[in-house]
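In case you want the letters, here they are:
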Amino acid sequence: MKQIDIPAQKEILWHRLRTDLKSLVPRFDNDDLLLCPTCCRPLGFDEFSVEHIVPKQALRCDPANVRQAIPQNERSGLTLLCQKPLVIKGKRVPGHGCNSWKGKHFDPSLRELLGADFQKARINTRHQVSLYSAGYLALFRQFGYQISLSPAGLLSRRQFFFPNTFLPDVPLNCQMILAGERRSEFNEDEKAYWCEPFNIKIDDQTALVVLRNMGFRVPISRDPTQPLARILPYLPSKFKFRPDLTTVFE
Ligand SMILES: [Zn+2]
């Protein structure tokens, strides 16, 4: 299969996310902006870049026959993150926004996890928060802004900026990883293991996210597979959505 290049992927993601955001927050109809799924700042097209949720540095460690058989973009899962420098408590954070933040704080840990032998590996909280944050981005990639703009989404957006410790509001069952043995070779029967990186099941107040040989949970506020009424003014509360546009910092 021919790989769609990154500039084209960015256009596709931008338009898909714009449609989704406008349907949930109609005032975005009138401007050409998107909310970054982590810092939640409203920004223009040039201030976003394509993010490989499973980082490229981890994918480069995949077995050679896997790299040959399945394009990198398919193994990573793509979304958009901002590249506009972050200013936290009045201080400019070096680098390019949330994209660099993930690259610095989470991608090395994700690479270590994906290559880990769990019989021997020492897993620290940074590893766990890295996986949790990748899971949150996977939920956003699959279900859009209804994830980010919910109360549980705000919690995950805040967690993204605390890479070394879990926030007290993160449920305990979202602070653990279930891991099996990782595959070290490619064969056609197990292609799914390497292809779509995230398998998501909704289970009451959490989403169970499976990434290759690891399973973990990310909190959700409502079942995102249930339809949302995006236009009707009167309806049962489970179909209603009140977007929470709170940013983690000003
Ligand atoms: Zn951002």
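Use the structure listed above.
The structure displayed is predicted, hence computed values, not measured ones.

Conventions we followed
Residues numbered from 1 in each chain as written. Predicted model: local features only at pLDDT ≥ 70, side-chain atom pairs only at ≥ 80, totals over all residues. Heavy atoms only, no water. Donors = N, O, S within 2.8 Å, 3.2 Å for Na, K, Ca; no water. Tetrahedral: all angles 85-135°; square planar, octahedral: opposite > 155°, others 65-115°. Buried < 20%, exposed > 50% of the residue type's maximum accessible area, 1.4 Å probe, protein only. Helix = DSSP H or I, 4+ residues; strand = E, 2+ residues; numbered from the N terminus. Polar contact = N/O pair within 3.5 Å; in protein donor to acceptor, adjacent residues only side chain to side chain. Salt bridge = Lys/Arg side-chain N within 4 Å of Asp/Glu carboxyl O. Core = buried A, V, L, I, M, F, W, Y, C linked by side-chain atoms within 4.5 Å. Contact = heavy atoms within 4.5 Å. Phe/Tyr/Trp six-rings, centres within 6.5 Å; stacked < 30°, edge-to-face > 60°.

*Asks:* How should the coordination of the zinc ion be read in this particular structure?
*Replies:* For a metal bound by four donors in a tetrahedral arrangement, the ideal donor-metal-donor angle is 109.5 degrees, while six donors in an octahedral arrangement ideally sit at 90 or 180 degrees. With distances of 2.3 Å, the protein atoms coordinating the zinc ion are Cys36 (SG), Cys39 (SG), Cys82 (SG) and Cys98 (SG). In this structure, the zinc ion is surrounded by 4 donor atoms whose angles at the metal cover 105 to 113°, and the resulting shape is tetrahedral. Residue Cys82 is classed as buried on the basis of its relative accessible area, which comes to 0%.

*Asks:* Hey, could you run me through unusual backbone geometry in this one?
*Replies:* Most peptide bonds take the trans configuration, and most residues that are not glycine carry a negative phi. The backbone of Cys40 sits at a positive phi, close to 70°, despite the residue not being glycine. Here Cys40 lies in the loop between strand 1 (34–35) and strand 2 (42–43). Note on Cys40: relative accessible area 3%, which makes it buried.

*Asks:* Can you help me understand the side chain of Glu51 in this one?
*Replies:* Topologically, Glu51 is positioned in strand 3 (residues 48–52). For Glu51, a relative accessible area of 3% puts it in the buried group. Of the polar contacts made by the side chain of Glu51, one reaches the side chain of Asn99; its length is 3.4 Å.

*Asks:* Can you help me understand the pattern of salt bridges in this one?
*Replies:* Close approach of charged atoms allows side chains with opposite charge to pair. Summed over the entire model, instances satisfying the criterion amount to 10 salt bridges. Residue Lys120 pairs with Asp117 through a salt bridge whose shortest N-O separation is 3.7 Å. Exposure remark for Lys120: the relative accessible area of 68% places this residue in the exposed category. Ionic pairing is found between Asp203 and Arg217, a salt bridge with its closest N-O pair at 2.9 Å. Of this pair, Asp203 sits in strand 8 (residues 198–203) while Arg217 sits in strand 10 (residues 214–219), and the two are 14 residues apart along the sequence. Of the residues examined, Arg217 reaches a relative accessible area of 22% and is grouped as partly exposed. Through salt bridges that share partners, Arg18, Asp31 and Asp32 make up one connected network.

*Asks:* What am I meant to see in the nonpolar core here?
*Replies:* Soluble globular proteins tend to pack their nonpolar side chains together in the buried interior. One finds Cys98 and Tyr145 to be the most contacted residues of the largest nonpolar core, which totals 62 residues. Here this core takes 10 residues from helix 7 (residues 125–143), the largest share from any one element. With residues near it in sequence (within four places) discarded, Tyr145 still touches Leu17, Asp20, Leu21, Leu24, Leu34, Leu35, Phe140 and Phe241.

*Asks:* Just to check I follow, could you spell out the environment of Gly103 for this structure?
*Replies:* With respect to the element layout, Gly103 can be found in helix 5 (residues 97–105). Along the backbone, Gly103 and Ala192 are 89 residues apart, and their C-alpha atoms lie at a distance of 26 Å.

*Asks:* Hey, could you run me through the packing of aromatic side chains in this one?
*Replies:* The geometry of an aromatic ring pair is captured by two quantities: the separation of the ring centres and the angle between the planes. By the definition in use, this model includes 8 aromatic pairs. With a centroid separation of 5.9 Å and 65° between ring planes, the pair formed by Trp14 and Phe48 is classed as edge-to-face. You can see Trp14 sitting in helix 1 (residues 6–24) and its partner Phe48 sitting in strand 3, a full 34 residues away along the chain. Of the two residues, Trp14 and Phe48, neither departs from the other in class, the shared state being buried. Ring geometry for Tyr132 against Phe166: centres 5.9 Å apart, planes inclined by 75°, an arrangement best described as edge-to-face. Here the residue Tyr132 occupies a position in helix 7, and Phe166 occupies one in the loop between helix 9 (151–160) and strand 7 (177–179), the gap between them amounting to 34 residues. Per residue, the accessibility class of Tyr132 equals that of Phe166, and both read buried.

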